[in-house]
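If you want the building blocks of each chain, they are given just below.
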Amino acid sequence: MRLRVLGTAAGGGLPQWNCACPGCAGARAHPELRRRHASLAFKTSPGRWYLVNATPDLGEQIEAHPELHPGPARRHTPLAGVVLTDAELDHTLGIARLREGEAVEIWSSPTTYRAVTDGLGLDRVLSPYTELRHRPIGPRPVRMDPDLAGTVDVSAVPVSSKRPRYARTLDLDGQDWVVALRLHDTATGRTLLYAPSVAAWTPALGDAVAEADCVILDGTFWDEDEPGRNGMSPATSTGMGHLPVTGADGSAVRLARSARGSVYYTHLNNTNPLNDPASEENRVLAEAGLHVAAEGMVIDL
Ligand SMILES: [Zn+2]
């Protein structure tokens, strides 16, 4: 299974349009530090790719990678659909950018799809342009593109019931608001776990991490106090739905105990010192054998 990292930033990206914090200002001055919204593409069979999360940068993310370009027929695209980890705006706004297609396949938990339709109204708004087709995913693996000799089984590990702010009043009580995706290649026997939003280290998440050959995990905040220290929110990192990287209960300690494969962090907020490859925090992380995913990197599993 081939995977391509299309972006590694949390909501807002780096730089964020209305932010002059040191991280954003640095990325404006040094384009090599810029990060697009966190996203991934993976190939299920030759010439057939899926996006994981549809970000506001989706158009640029497609253009940056030739394997995702249309052709040779004028309207043939290798993009077969979108798999969602949750319904946050930075993971769903890109769906509207796919309206020129005949249909958009959305693979997600039932709760996330209800948020996209009943909360965002994307099915209604887009119906004059295209058709949304839901493919539900849950803990039981589903083979993607079996008729095309696809070898990827997708499943979802619920990781939190944190809902997007716009969905707070929706009458939905699902526990699958946020999931970690397991992508298992039946040909190679190898598995990727993609979890860009992790509020707490649950036993199910721990098991999935321990089984995976590669883990790409929530690195939104370096430590618990980062949102408050930067004037972003009075809440802690965990209070904002993101387990921090460091600290006694941080993800780095947990990963060091349970991960057996390679590990990369993604979904970095623009306040995160890990955005700067030369930072002391990056050195500390590397000493623990952990790294930040690079924009555009390829992972073969
Ligand atoms: Zn900023």
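Quick note: structure is the one above.
Reading the values: the criteria
- Each chain carries its own residue numbering, running from 1 in the written order of its sequence.
- Under the rules for a predicted model, residues below a pLDDT of 70 receive no local features and side-chain atom pairs below 80 are neither given nor counted, while totals for whole chains, interfaces and linings still include all residues.
- Excluded from the side-chain calculations are hydrogens and water; all other atoms, namely the structure's heavy atoms, are used.
- Criterion used throughout: strands pair if DSSP finds at least two bridges between them.
- Note on conventions: DSSP H or I runs of at least 4 residues are helices, E runs of at least 2 residues are strands, and numbering of each starts at the N terminus.
- In this analysis, two residues are considered to be in contact whenever any of their non-hydrogen atoms come within 4.5 Å of each other.
- Every angle, taken between N-to-C directions, lies between 0 and 180 degrees, and every axis is a line fitted to C-alpha atoms, over only the stretch in contact when it is a helix.
- For this analysis, a nonpolar core means a set of buried residues of the types Ala, Val, Leu, Ile, Met, Phe, Trp, Tyr and Cys, connected via side-chain atoms within 4.5 Å.
- Burial classes follow relative accessibility: with a 1.4 Å probe on protein chains only, a residue under 20% of its type's maximum area counts as buried, one over 50% as exposed, and anything between as partly exposed.
- Handedness rule for crossovers: strands pointing away from the viewer, path from the first strand over the helix to the second running clockwise, crossover right-handed.
- Within 6.5 Å between ring centres, the rings of Phe, Tyr and Trp (the latter by its six-membered ring) count as paired, and their orientation is classed by plane angle as stacked under 30 degrees, edge-to-face over 60, tilted in between.

Asks: Help me understand the sheet that holds strand 10 (residues 191-195) in this model?
Replies: The strands making up a sheet are joined through hydrogen bonds of the backbone, oriented either antiparallel or parallel. Strand order in the open sheet formed by seven strands is 7-8-9-10-11-12-13, with mixed pairing between adjacent strands. Whereas interior strands pair on both sides, the edge strands pair on one side only; in this sheet they are strand 7 (142-144) and strand 13 (291-292). Direction of pairing for strand 9 (residues 178-185) relative to strand 10: antiparallel, over a ladder of four bridges. Counted as the bridge partner of Leu183 is Leu192 from strand 10. Against the sheet, helix 6 (residues 203-211) engages strand 8 (152-160), strand 9, strand 10 and strand 11 (214-218), with an angle of about 145 degrees to strand 8.

Asks: Would you take a moment to explain the nonpolar core for this structure?
Replies: In this structure, Ile95, Leu132, Leu255 and Tyr265 are the most contacted members of the largest nonpolar core, which totals 52 residues. Once residues lying within four places of it in the same chain are set aside, the contact partners of Leu255 are Trp201, Val209, Val215, Leu217, Val263, Tyr265 and Leu290. Within the second largest apolar cluster, 28 residues are counted, among which are Val83, Ile137, Val152 and Ala156.

Asks: Even after reading the chapter, I still don't get the pairing of strand 3 (residues 48-52), so can you show me in this structure?
Replies: Walk down a regular strand and you will see the side chains alternate between the two sheet faces. With respect to burial, strand 3 is a largely interior element, four of its five residues being buried. Where strand 2 (residues 39-45) lies against strand 3, five bridges are found, and the strand directions are antiparallel. Counted as the bridge partner of Ala41 is Leu51 from strand 3. Adjacent in sequence and paired antiparallel, strand 2 and strand 3 are bridged by two residues, among which Gly47 carries a positive phi angle near 70 degrees. Pairing of strand 3 with strand 4 (residues 79-83), which is carried by four bridges, proceeds in the parallel orientation. Directly across from Trp49, in strand 4, lies its bridge partner Leu79. With respect to chirality, the unit in which strand 3 leads through helix 2 (residues 58-63) into the neighbouring parallel strand 4 is right-handed.

Asks: When you look at the packing of aromatic side chains in this model, what are you seeing that I'm missing?
Replies: The way to describe two aromatic rings as a pair is by their centre distance and the angle between their planes. In total, this model carries two aromatic pairs according to the counting rule given. Their ring planes at 20 degrees and their centres at 5.8 Å tell us that Phe42 and Tyr50 sit as a pair that is stacked. One exposure class covers both Phe42 and Tyr50, and it is buried. Judged by centre distance (6.0 Å) and plane angle (85 degrees), the ring pair of Tyr50 and Trp107 falls under edge-to-face. Taken together, the residues Tyr50 in strand 3 and Trp107 in strand 5 (residues 103-108) connect sequence positions 57 residues apart. A relative accessible area of 0% places Tyr50 in the buried class.

Asks: Hey, could you run me through the environment of Val298 in this one?
Replies: Inspection of the secondary structure assignment puts Val298 in strand 14 (residues 298-300). With a relative accessible area of 33%, Val298 lands in the partly exposed category. Spatially, the C-alpha atoms of Val298 and Ala41 are 9.6 Å apart, while their sequence positions differ by 257 residues. With residues up to four places along the chain from it excluded, the contact list for Val298 reads Arg2, Leu3 and Arg4.

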